[in-house]
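Chain by chain, the residues run as shown.
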Amino acid sequence: MENTRQPLDWDAVYWEYMPRIFNYFCYQVGDTALAEDLTATTFVKAWKARKEYNPARGAVSTWLFTIARNTANDYYRRERMNLPLETVHLPITDERPVEETLQQEMDNTRLAQLLAQLSPRDRELIALKFGLGMSNRAVAKLLNMSESTVGTALFRAVKWLRAAWEVTTHE
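Let me begin by describing the structure that accompanies this report.

Thoughts on the nonpolar core
Then, number 1: I21, W63 and L64 are the most contacted members of the largest nonpolar core, which has 46 residues in total.
Then, number 2: If you list the elements that add at least two residues to this core, you get α1 (10-29), α2 (32-48), α3 (60-79), α4 (98-116), α5 (120-131), α6 (136-143) and α7 (147-169).
Then, number 3: Broken down by element, the residue count for this core peaks at ten residues, all from α1.
Then, number 4: Not counting the four nearest positions on each side in its chain, W63 is found in contact with W10, A46, A49, R50 and Y53.

Side note on the environment of L143
Then, number 1: Secondary-structure assignment places L143 in helix α6.
Then, number 2: With 74 residues separating them in the primary sequence, L143 and R69 have C-alpha atoms 9.8 Å apart.
Then, number 3: Leave out the neighbours within four places in its chain, and L143 touches R69, E124, L125 and L128.

Thoughts on α2
Then, number 1: Taking 1.5 Å as the rise per residue, α2 with 17 residues should run 24 Å; its terminal C-alpha atoms sit 24 Å apart, in good agreement.
Then, number 2: Check the buried side of α2 and you find it contacts α1 and α3.

Definitions and limits used
Residues numbered from 1 in each chain as written. Predicted model: local features only at pLDDT ≥ 70, side-chain atom pairs only at ≥ 80, totals over all residues. Heavy atoms only, no water. Core = buried A, V, L, I, M, F, W, Y, C linked by side-chain atoms within 4.5 Å. Buried < 20%, exposed > 50% of the residue type's maximum accessible area, 1.4 Å probe, protein only. Helix = DSSP H or I, 4+ residues; strand = E, 2+ residues; numbered from the N terminus. Contact = heavy atoms within 4.5 Å. Expected span 1.5 Å × (residues − 1).

Structural data, given as structure tokens:
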């Protein structure tokens, strides 16, 4: 049987999904340089496996996000530990006043410290939902969980994060 699938536009796929995958890794590891390396590894793996991608089995986003999750799992398996999220240093790409930039950096650090206190499962749910921008349904499908379980776990994790944020704001 001849393969009649249209090849993916890798340039478009990269530019559309790279920022989301990078954000996912920032939420997971809290280190910009490491997040960049893991993002690059994800796209190298995807490129090497590009002939295995089958649009009939799922969207390219699901395929890439699965590769990203497996890349994160491989990294943690190699390291044999969970690294604490100490800071999320996102590159500065605007002309904001220094005070605003410093406040954002402090907020990112505080958020990373709070995320580090979540369970690995809750941190992954947060990373998938907010880092990758996935819907609860897509997260549930990817993790083989029910959508209601994902929604409930996310609700509780976000509620805890908000409460902890308020407590650290008033300290």
